[in-house]
Amino acid sequence: MTLSDARLRHLKPKAKACKVSDFDGLYVAVTPNGSKLWRFKYRVDGKEKLLSIGAYPAISLVQARQTRDAARASLAASGKPPTQKKHDRASRQNASHLPAG
């Protein structure tokens, strides 16, 4: 059964962290403190990898699915996961180190 927005809103924290699956590797991790974090699990060369997407409700179900689909397309095309967050972070660091002028 796939996730719905109503089901996401009503997820309650438990004593231990738990995972609630959507489909195609996307799931939401519910932590004991009540955080709901989007994750995408995939494999590269037989090794399991994990892509952190963001927190619910800041990242909606539709946005999380779109991110998962983009990651799957990137994996299929290049065999490498998307590294947009790393690229954005590197761009910000490079911009802050440029001389003024």
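Report on the accompanying structure.

Definitions and cut-offs
Residues numbered from 1 in each chain as written. Predicted model: local features only at pLDDT ≥ 70, side-chain atom pairs only at ≥ 80, totals over all residues. Heavy atoms only, no water. Helix = DSSP H or I, 4+ residues; strand = E, 2+ residues; numbered from the N terminus. Contact = heavy atoms within 4.5 Å. Areas by Shrake-Rupley, 256 points an atom, 1.4 Å probe, with all protein chains shown as cover. Buried < 20%, exposed > 50% of the residue type's maximum accessible area, 1.4 Å probe, protein only. Pairing = 2+ DSSP bridges. Lys, Arg positive; Asp, Glu negative; His and termini not counted. Salt bridge = Lys/Arg side-chain N within 4 Å of Asp/Glu carboxyl O. Polar contact = N/O pair within 3.5 Å; in protein donor to acceptor, adjacent residues only side chain to side chain. Phe/Tyr/Trp six-rings, centres within 6.5 Å; stacked < 30°, edge-to-face > 60°. Lys NZ or Arg CZ within 6 Å of the ring centre and 35° of its normal.

This part is about the overall build of the chain. Across its full length, the chain carries three helices and four strands. Each helix (α) and strand (β) of the chain, taken in turn from the N terminus, gives the series α-β-β-β-β-α-α. In the chain, 29% of the contacts between residues at least 6 apart in sequence involve partners at least 24 apart. When the accessible surface of the chain is split by element, carbon and sulfur atoms take 54% of a total near 7000 Å².

Let us look at the pairing of strand β2 (residues 26-30). Along β2, five of the five residues are buried, which leaves the element largely enclosed by surrounding structure. Along β2, one buried face is formed by L26, V28 and V30 and the opposite face, lined by Y27 and A29, is buried too. The pairing of strand β1 (residues 18-21) with β2 spans four bridges and is antiparallel. If you follow S21 over to β2, its bridge partner there is Y27. In textbook terms, the turn of a hairpin is the stretch between consecutive antiparallel strands, and for β1 and β2 this stretch comprises four residues, one of which, D24, has a positive phi near 55°. As defined by bridge partners, β2 adjoins strand β3 (residues 36-44) across five bridges and the pair is classed as antiparallel.

Within the secondary structure, K36 is located in strand β3. Buried within the structure, K36 lacks any salt-bridge partner; D5 is the closest side chain of opposite charge, at an N-O distance of 8.8 Å. Looking at K36, its side chain comes within polar contact range of the main-chain oxygen of L11, at 3.4 Å. Apart from residues no more than four positions distant in its own chain, K36 is found in contact with L8, R9, L11, V28, A29, V30, G54, A55 and Y56.

For the structure shown, the criterion picks out five salt bridges. R9 is the partner of D5 in a salt bridge, and the nearest nitrogen-oxygen pair spans 2.6 Å. Separated by four residues within a single helix, D5 and R9 lie in helix α1 (residues 5-9), roughly one turn from each other. Residue classification places R9 among the partly exposed positions, given a relative accessible area of 46%. Across the pair D69 and R68 runs a salt bridge, and its minimum N-O distance is 3.0 Å.

All right, on to the packing of aromatic side chains then. Counting across every chain of the model gives two aromatic pairs. Aromatic side chains W38 and Y56 sit 6.3 Å apart centroid to centroid with 80° between the ring planes, which places their arrangement in the edge-to-face category. Separated by 18 residues along the polypeptide, W38 in strand β3 and Y56 in strand β4 (residues 47-56) bring together distant segments of the chain. For the pair W38 and Y56, one class covers both residues: buried. Over the aromatic face of F23 sits the side chain of R68, whose NZ or CZ is 4.6 Å from the ring centroid.

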